[in-house]
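Working through the structure, step by step
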Amino acid sequence: MGVSKTGSLDFQLFQFLRFLNLLTLINYLCFRISLNHYFYEMNKLNRVYFIIGVSAVGKTTVGKLLSQSLNIPFFDADDFHLQSSKQKMADGIPLTDDDRRDWLLIMNKLAIDQSTKNGCVIACSALKKSYRVMLQQHIKSPVKWIFLDGEFELLKQRLSERKNHFMPISLLQSQFDTLEIPDDAFRVTVDLSPEQINIQILDELSKSEIGLFGLGVMGKSLSRNIASKGFRLSIFNRFVAGKEENIAVKFQKEFSELSNVKPFEDLDKFVKSLQHPRKIFLMIQAGKTVDKVLEQFLPYLEPGDVIMDGGNSHYLDTEKRIKFLNENGIRFLGVGVSGGEDGALIGPAIMPGGNWEAYDSVGCILESIAAKDSRNKACCEFVGKGGSGHFVKMVHNGIEYAEMQLLAEVYHVFKYGLGLSNDAIAKMLSNWRSTEADSYLLEITIDILQRKENGVFLLDKVLDKAGNKGTGNWTTVAASELGVPISVLTAALFARYISAFKEMRVEASKVLSADRKVNFMLDSETIRKAYQLARWVNHHQGIHLLSEASQTYQWDLNLSEIARIWTNGCIIRSTLMEKLCDYLKADSQLLRNQNVVKIVKQSKDSLKELVSNAIQNDLPIFCFSEAINYLNAYAQKDSSADLIQAQRDYFGAHLYQRKNDSSGKQYHSDWNPNQNS
Ligand code: 6PG
């Protein structure tokens, strides 16, 4: 008795397999249709996809499928091998790094070229990290590494079935020996069909390229900036019942550029929405919150994932976090971001420091959202290892404090010294905008001076107690620890501190306030020259601090490049910064630069005049007076420190060196006349 044809076991299996294939096809078609718009968007960014792995993993087949799905060109690196290399491999001799160098550079050039068009898919073994670095260098578009991973035996089997290929089976082992498994790639095992592998890759590519955590003012602006550049983005804001509910969802609906953004308040789902390696930008309050959030993230992260801290964190905290996360294979970047809410939206200055490899995978996003300098280069560049990114941002803020205070002192000289109205001061300062004194802070000061509320100057209603969030304090502490005299920056900090004691000042003014003479003999040009010179001293001190920190912590900071980053997007962007960027190529001691020496010679009398006028008229001028003092001390061949050394040796036997004794010998003397006699 026979079993009917449709009832046979073989037939049922056949039907089942056909059904599976159909499902795969439907699945695949759905992907292509639903992701059409997305891939169009992605292609706008001209992404480069490298399909990598040892021979016989199916790089060419999968690469071709992917290129069809994405509708971009495909290139097989095998077609670009030199004939001599192909011959070598055919003879069973593995290629060396030297053999591969030129080939990799050719592939890199091709990738750069394609990244300026529609992007492309490249199949290339790229076995070592150093090869991948070479392949990726100078590509300004996003690069995605897709690693096809296969068992040795399976690949050996495939190779044995392969015809007309120069790669013999004998070289497979050498490929496995050379392979450095990437931890910054999306990994797919190759025991599936090429179509299924392609579906997995498309699934991965449909996820977000970056996640932004924390939708405060800066986080929101940065999200809009990232999304508007065409990056796939997930955003997260915590859930706090009654206070912060559905923040991400509501925000996502607010702006059209966020239409493709995925909003979350569930951490697990947020992390799962991201491509591998996960790239997460924290925009949260600096301090303990950062550590708490990192602890929350840890269970969801994998080696190779990248976390960026975009807050004003202390550089020593950043150093600790790098070490802590590194132990778990997670890469961390301390990212200084400057520019406030508007800057974050239209292009901030970005100072990333920490793990270089992490920068490799996020640099393209950061550089794309950053402000551009006068040559259209991104105001973002990897600053150095460790906490250097946050250190540089901290010094930026120190300079910012003094730039603000100098303007505040100018405003008071005009207001109380020369008796000008806010309007008139704004007019004076507007004239400065066509000179080298121009800056973003000058620009906003002019706006502030003119702003009226109900017919009254708004500035006159503002309570004169300056706040601060700590970065100026940290700059001063760091400078003290490193022994760098940043007196103008410190004076700005202390000016804020004394302002904060409003009640104390009010009381003191009743008994100590001198009758202001208001007899200023100054014109606007003298004030401008004094102001500009004081700014040079301020910048000189800030750069000096960076230079000493770079040496002490072996950060190898490029000072001119840091000044370039500061030429746009940040709060201290200015005409002066453009010059600084140029002058720092020659010497880190700005006040020695011949152009600055010329300014000192032309403007020092103005600075002296302003300071003496202010002191004669009982007007506090913290930063201006420190600037002239510093200039005098900086240029003083013989300082009064000989007496300090003698005093130290007198009461503490602290020893001293003698002039004209280059041996560095330390002396001690009996200074006390009573002991001598
Ligand atoms: C910037 C600013 C910013 C800083 C504010 C407030 O570069 O965008 O420096 O990071 O937080 O200026 O600082 P203070 O409250 O200390 O003045």
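Within each chain, residues carry numbers counting from 1 in the order of the written sequence. For this predicted model, a pLDDT threshold of at least 70 governs which residues receive local features, and a threshold of 80 or more governs which side-chain atom pairs are given and counted, while totals over whole chains, interfaces and linings are taken from all residues. Side-chain calculation: all heavy atoms of the structure are included, whereas hydrogens and water are not.

So, the domain arrangement of the protein chain
Domain parsing of the protein chain yields domain 1 (34-205), domain 2 (210-386), domain 3 (394-634) and domain 4 (641-675). Residue ranges for the domains trace back to a domain assignment, done automatically or taken from a database. Computed from C-alpha atoms alone, the centre-to-centre distance between domain 3 and domain 4 is 38 Å.

Some points on helix H26 (residues 594-616)
Strands here mean DSSP runs of E at least two residues long; helices mean DSSP runs of H or I at least four residues long; both are numbered from the N terminus. To estimate how far a helix should extend, the number of its residues minus one is multiplied by 1.5 Å. In this model, H26 (23 residues) spans 33 Å end to end at C-alpha, consistent with the 33 Å of a helix rising 1.5 Å per residue. Burial classification: accessible surface area is computed with a 1.4 Å probe over protein chains only, and a residue below 20% of its type maximum counts as buried, one above 50% as exposed, and the rest as partly exposed. When we look at burial in H26, the residues that qualify are Val596, Ile599, Val600, Ser603, Ser606, Leu607, Leu610, Val611, Asn613 and Ala614. In this structure, the buried residues of H26 make contact with helix H23 (524-553), helix H25 (575-583) and helix H27 (622-634). In protein, a polar contact means a hydrogen-donor-capable atom and an acceptor-capable atom, both N or O and within 3.5 Å, with residues adjacent in sequence counting only if both atoms are side-chain atoms; elsewhere, any N or O pair within 3.5 Å suffices. The N-cap of H26, judged by a side-chain oxygen 2.8 Å from the amide nitrogen of asparagine 595 a few residues on, is asparagine 593. One or two positions beyond H26, positive phi appears at aspartate 618, with a value near 60 degrees. We call two residues in contact whenever any of their non-hydrogen atoms come within 4.5 Å of each other.

Some points on the sheet that holds strand E1 (residues 48-52)
Two strands make a pair as long as DSSP finds a minimum of two bridges between them. Reading across the sheet, the 5 strands line up as E2-E3-E1-E4-E5 and stay open at both edges, with parallel pairing between neighbours. Of all strands in the sheet, those with a lone pairing partner are strand E2 (74-76) and strand E5 (186-189), marking the two edges. Put simply, the sheet's adjacent strands are angled 20 degrees from each other on average, direction ignored. Where E2 meets strand E3 (residues 120-123), 3 bridges bridge the pair, whose relative direction is parallel. Following the sheet pairing, phenylalanine 74 is matched in E3 by valine 121. Fitting a line to C-alpha atoms yields each axis, with helices limited to the stretch in contact; the angle taken between N-to-C directions then spans 0 to 180 degrees. Against the sheet, helix H5 (residues 97-115) engages E1, E2 and E3, with an angle of about 165 degrees to E3. Contacts from helix H9 (residues 194-205) reach E1, strand E4 (143-149) and E5, with the element oriented near 160 degrees to E5.

Points about the site of the ligand
In this text, near means that some heavy atom of the residue lies within 4 Å of the molecule or strand in question. Around the ligand sit 14 residues, and of these Ser338, Lys393, Glu400, Tyr401 and Lys469 come closest. At 2.7 Å from an oxygen atom of the ligand is found a side-chain nitrogen or oxygen belonging to lysine 393. All accessible-area figures derive from a Shrake-Rupley calculation using a 1.4 Å probe, and residue coverage is judged against the displayed protein chains alone. Within the complex, the protein chains bury 79% of what would otherwise be the 410 Å² of accessible surface of the ligand. A per-element tally of the shell around the ligand places helix H17 (residues 388-417) first, with 5 residues. Class assignment of the residues belonging to the shell around the ligand gives a composition of 2 nonpolar, 8 polar and 4 charged. Formed jointly, the shell around the ligand draws a minimum of three residues from each of two domains, domain 2 (210-386) and domain 3 (394-634). Classification convention: Asp, Glu, Lys, Arg as charged; Ala, Val, Leu, Ile, Met, Phe, Trp, Tyr, Cys, Pro as nonpolar; all other residues, Gly among them, as polar.

Comments concerning the packing of aromatic side chains
Two measures describe an aromatic ring pair: the distance that separates the ring centres and the angle between the ring planes. Ring geometry is summarised as follows: Phe, Tyr and Trp rings, the Trp one being its six-membered ring, pair when their centres sit within 6.5 Å, and such pairs are stacked at plane angles under 30 degrees, edge-to-face over 60 and tilted between the two. For the structure on display, the rule yields 25 aromatic pairs. The structure contains a cluster of three or more aromatic residues connected by ring pairs, namely Phe213, Phe236, Phe264, Phe270 and Phe297. A positively charged side chain is recorded as over a ring if its NZ (Lys) or CZ (Arg) lies within 6 Å of the ring centre. The angle to the ring normal must also be within 35 degrees. Here the guanidinium or amino end of arginine 224 rests over the ring plane of phenylalanine 255, the centre of that ring lying 3.7 Å away. Here arginine 573 stacks its cationic end above the ring of tyrosine 440, 4.1 Å away from the centre of that ring.

Some remarks on the sheet that holds strand E12 (residues 349-354)
On the basis of which strands lie adjacent, the open sheet formed by 7 strands has the order E8-E7-E6-E9-E10-E11-E12 and mixed pairing. The open sheet has two edge strands with one neighbour each: strand E8 (262-264) and E12. Across the sheet, the mean angle separating the axes of adjacent strands is 20 degrees when strand polarity is ignored. Pairing geometry for strand E6 (residues 210-213) and strand E7 (residues 233-236), over 4 bridges, is parallel. Bridge pairing links phenylalanine 213 to phenylalanine 236 in E7.

Thoughts on the nonpolar core
Across soluble globular proteins, nonpolar side chains have a tendency to be buried as a group. Put simply, a nonpolar core is a bunch of buried Ala, Val, Leu, Ile, Met, Phe, Trp, Tyr and Cys residues held in one set by side-chain atoms that sit within 4.5 Å of each other. Ranked by internal contacts, the top residues of the largest apolar core, which has 84 residues, are Phe391, Leu546, Trp566 and Phe624. Both domains that furnish three or more residues to this core are identified here as domain 2 (210-386) and domain 3 (394-634). Among all residues touching leucine 546, those that are not within four sequence positions of it are Phe391, Val392, Val395, Leu557, Leu559, Ile562 and Trp566. In terms of nonpolar packing, the next biggest core, distinct from the first, is built from 48 residues, Phe74, Trp103, Leu110 and Ala111 among them.

Points about the environment of isoleucine 307
Along the chain, isoleucine 307 turns up in strand E10 (residues 306-309). Owing to a relative accessible area of 1%, isoleucine 307 belongs among the buried residues under this scheme. Separated by 225 residues in sequence, isoleucine 307 and leucine 82 have C-alpha atoms that sit 40 Å apart. Those residues in contact with isoleucine 307, other than ones at most four positions away along the chain, are Ile280, Leu282, Leu294, Leu301, Ile330, Arg331, Phe332 and Leu333.

Some points on unusual backbone geometry
In the segment running from histidine 276 into proline 277, the intervening peptide bond is cis, with an omega of -10 degrees. Summarising the element assignment, proline 277 is placed in the loop between helix H12 (267-272) and strand E9 (279-282). One non-glycine residue with positive phi stands out, namely asparagine 71, at about 60 degrees. With respect to the helices and strands, the residue asparagine 71 is situated in the loop between helix H3 (59-70) and E2. Of note, histidine 138 is a non-glycine position whose phi angle comes to about 65 degrees, a positive value. Of the residues examined, histidine 138 reaches a relative accessible area of 60% and is grouped as exposed.

A word on the side chain of lysine 144
The topology assignment puts lysine 144 in strand E4. Here glutamate 204 takes part through its side chain, which lies 2.8 Å from a polar atom of the side chain of lysine 144. The contacts of lysine 144, once residues within four sequence positions are left out, are Val48, Tyr49, Phe50, Phe186, Glu204, Leu205, Gln275 and His276.

Quick notes on the pattern of salt bridges
Close approach of charged atoms allows side chains of opposite charge to pair. When a carboxyl oxygen of Asp or Glu lies within 4 Å of a side-chain nitrogen of Lys or Arg, that pair is called a salt bridge. The final tally for this structure, using the stated rule, is 37 salt bridges. For arginine 47, the salt bridge identified is with glutamate 209, shortest N-O distance 2.6 Å. Of this pair, arginine 47 sits in the loop between helix H2 (36-44) and E1 while glutamate 209 sits in the loop between H9 and E6, and the two are 162 residues apart along the sequence. Each member of the pair, arginine 47 together with glutamate 209, is buried. Where arginine 564 meets glutamate 561, a salt bridge forms, and the shortest distance between an N and an O atom there is 2.7 Å. In this pair, arginine 564 and glutamate 561 both sit in helix H24 (residues 559-565), 3 residues apart, roughly one turn of the helix. Taken as a pair, arginine 564 and glutamate 561 share a single burial class, namely buried.

Thoughts on the pairing of E5
A one-sided burial pattern is seen for E5, the buried positions being Phe186 and Val188 and the unburied ones Arg187 and Thr189. Pairing analysis gives 4 bridges linking E4 to E5, with the strands arranged parallel. Counterpart to aspartate 149 in the pairing with E5 is threonine 189.

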